[in-house]
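# Report on the structure
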Amino acid sequence: MRILGIESSCDETAIAIISDDGGEIVVEKSLVSSQIDIHALYGGVVPEVAAREHVSAIFPMLLECGVSRDGHEIDAIAVTAGPGLVPALRIGVELAKTLAWIWKKPLVAANHLEGHVYSVWSNTESTPQFPALCLLVSGGHTELFLMHDHGKYELVGMTRDDAAGEAFDKVAKLLGLGYPGGPILSKTALNGNPHAIEFPRPMHDSGDYDFSFSGLKTAVRVYREAHPETSVEDIAASFQQAVVDVLTQKTISAVKQFSPKSVILSGGVSANLALRESLSSTLAQHFPHVTFHAPNQSLSGDNAVMIAIAGLYRAKQQDFVDPLTLEANPNMRLV
Ligand code: KG4
Ligand code: ZN
C-alpha cells in the first residue's frame with residue numbers, strides 16, 4: 001500500500017509518500033518547507049501568514065514529489081485534519097479532498113498528535129510493542145497516554161497550562177534568545193551549568209501524571225530580574241534541567257504503575273538531546289526490559305512522513321472519511 005501524506009497544521013508545509021513493503025515502512029519521498037524565518041519576524045506563528053505560505057508552497061511540493069497526474073500509484077491519501085491552526089489546516093485539507101475526489105482514492109483524516117506518535121514506526125529496526133506509554137511533547141501539547149493497540153489510546157496525564165515546547169519558546173523569548181525557542185535554548189544550555197540554579201520542579205510531588213510549566217517560566221523571569229549577573233547559559237541549562245527532570249520523573253512513575261512494554265517519546269521537544277538522554281538512560285537503569293523509542297531527529301518536528309504512517313494504519317482498518325464533507329478540526333482529540 002502506498003500513502004500520500006499531507007501536513008499543514010502550523011508553520012511547516014510537508015508532503016510525503018510512503019509505502020508498506022510487507023510490513024516494513026519505506027519512505028519514498030519526504031519534503032518539508034519551513035516558514036520559521038517568516039514567523040520569526042513576528043516572534044510567533046501568525047495563522048493567516050502561515051496559510052498564505054502554505055498556499056504558495058503546497059502545490060509545487062506535490063509536483064516535486066513526482067506524483068503522477070492521475071495518482072494511479074497512490075492507494076490512499078492521509079491529511080492532518082487537526083489539531084492545529086484552522087487557516088493553516090484548511091490548505092492541506094482542501095488539497096487532500098480535491099485529490100481524493102478527482103483521483104477517486106480513499107481519504108484518511110489523520111490526527112497530528114497521532115502522527116507524532118507514529119513517527120517512531122519509521123524506524124523499521126525496532127518498532128514499539130503494546131501497551132506502549134507515550135510522552136508527547138510539542139509546542140501545543142504535553143501529554144502522557146497509553147497506547148493499547150493501533151489507534152487505541154488512554155489518557156494518563158496532561159499539562160494544566162503551558163505545553164513543554166511553549167515553555168521553551170517563552171523562556172527563550174524572555175532570555176532574549178529569539179524564535180523558535182526550543183532549539184536555540186537547548187543549544188545555549190550546552191554551555192551552561194544545569195545545576196547552577198535550583199528552579200522549581202512543578203507538580204513533581206502531585207501524585208498524578210499532570211504537568212504545569214507556567215510557574216517555572218515565571219520563576220525564570222523573577223530569577224533573571226533579581227540576578228542580572230547570572231549568565232544566560234546557566235539559566236537556560238538550569239531551566240532545561242527542571243523541565244527534563246519533571247518529564248522524566250512522571251514518565252518513569254507511569255512506567256512503574258502501568259508496566260508498558262515500550263516507551264515512546266515524540267513531538268517537537270523530542271529533538272531535545274538532554275531529554276532523550278535522561279529518559280532513555282533512566283529507563284535502561286530501572287526498567288531494562290522496556291524498549292525506548294524516539295523519532296529520528298529529522299522526524300521530531302512536523303513532517304508528512306508521520307502523517308502518512310498514521311494514515312497507513314488507519315487505512316488498514318478502512319477508517320476513511322468522505323472527501324465532500326471533511327472539515328479541518330482545530331480541537332481534534334486523540335483520546
Ligand atoms: O511538534 P512541533 O514541531 O510542532 C507542534 O506540533 O507544536 O513542536 C514544536 C515545539 C516548539 O515549541 C519548539 O520550540 C520545540 O518543539 N522544540 C524544542 C527543540 N526543538 C523543537 N524544544 C526543546 N528542545 C529542542 N531541541
Ligand atoms: Zn507537531
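Everything numeric in this text was worked out from a predicted model, so none of it was measured. (Residues numbered from 1 in each chain as written. Chains lettered and ligands numbered in written order. Predicted model: local features only at pLDDT ≥ 70, side-chain atom pairs only at ≥ 80, totals over all residues. Heavy atoms only, no water.)

## Section: the overall build of the protein chain
- Across its full length, the protein chain holds 10 helices and 10 strands.
- Against the compact-globule benchmark of 20 Å for 335 residues, the protein chain has a radius of gyration of 20 Å, which places it among compact chains.
- Referenced to the eigenvectors of the C-alpha coordinate spread, the extents of the protein chain come out at roughly 65 × 45 × 30 Å.
- For the protein chain, the residues scored as buried account for 54% of the 335 residues in total.
- Taking as baseline every contact in the protein chain between residues at least 6 positions apart, the subset at least 24 positions apart corresponds to 73%.
- Per element, the accessible surface of the protein chain, about 14100 Å² overall, is 52% carbon and sulfur. (Helix = DSSP H or I, 4+ residues; strand = E, 2+ residues; numbered from the N terminus. Rg over C-alpha atoms; globule rule 2.2 N^0.38 Å. Buried < 20%, exposed > 50% of the residue type's maximum accessible area, 1.4 Å probe, protein only. Contact = heavy atoms within 4.5 Å. Areas by Shrake-Rupley, 256 points an atom, 1.4 Å probe, with all protein chains shown as cover.)

## Thoughts on the packing of aromatic side chains
- Tallied over the full model, the rule gives 9 aromatic pairs.
- Centroid distance phenylalanine 168 to phenylalanine 239: 5.2 Å. Interplanar angle 75 degrees. Geometry classified as edge-to-face. A residue pair is termed long-range when its members are at least 10 positions apart, and phenylalanine 168 in helix H5 (residues 164-174) and phenylalanine 239 in helix H8 (residues 232-258) qualify at 71 residues.
- Over the aromatic face of tyrosine 313 sits the side chain of lysine 316, whose NZ or CZ is 5.0 Å from the ring centroid. (Phe/Tyr/Trp six-rings, centres within 6.5 Å; stacked < 30°, edge-to-face > 60°. Lys NZ or Arg CZ within 6 Å of the ring centre and 35° of its normal.)

## Here's the deal with the site of ligand 1
- Contacts to ligand 1 come from 18 residues, most closely from His116, Gly139, Asp169, Gly182 and Gly268.
- Side-chain polar atom of histidine 112 to an oxygen atom of ligand 1: 3.1 Å apart, as the coordinates give it.
- One nitrogen or oxygen atom from the main chain of glycine 268 is found 3.0 Å from an oxygen atom belonging to ligand 1.
- Protein coverage of the free-state accessible area of ligand 1, which is 550 Å², stands at 84%.
- Its residues assigned to classes, the shell around ligand 1 shows 4 nonpolar, 12 polar and 2 charged.
- Taken domain by domain, the makeup of the shell around ligand 1 includes at least three residues from each of domain 1 (2-118 + 299-316) and domain 2 (129-294). (Near = heavy atom within 4 Å. Polar contact = N/O pair within 3.5 Å; in protein donor to acceptor, adjacent residues only side chain to side chain. Nonpolar A, V, L, I, M, F, W, Y, C, P; charged D, E, K, R; others polar. Domains from an automatic or database assignment.)

Scope: geometric values only; no functional claims are made or implied.
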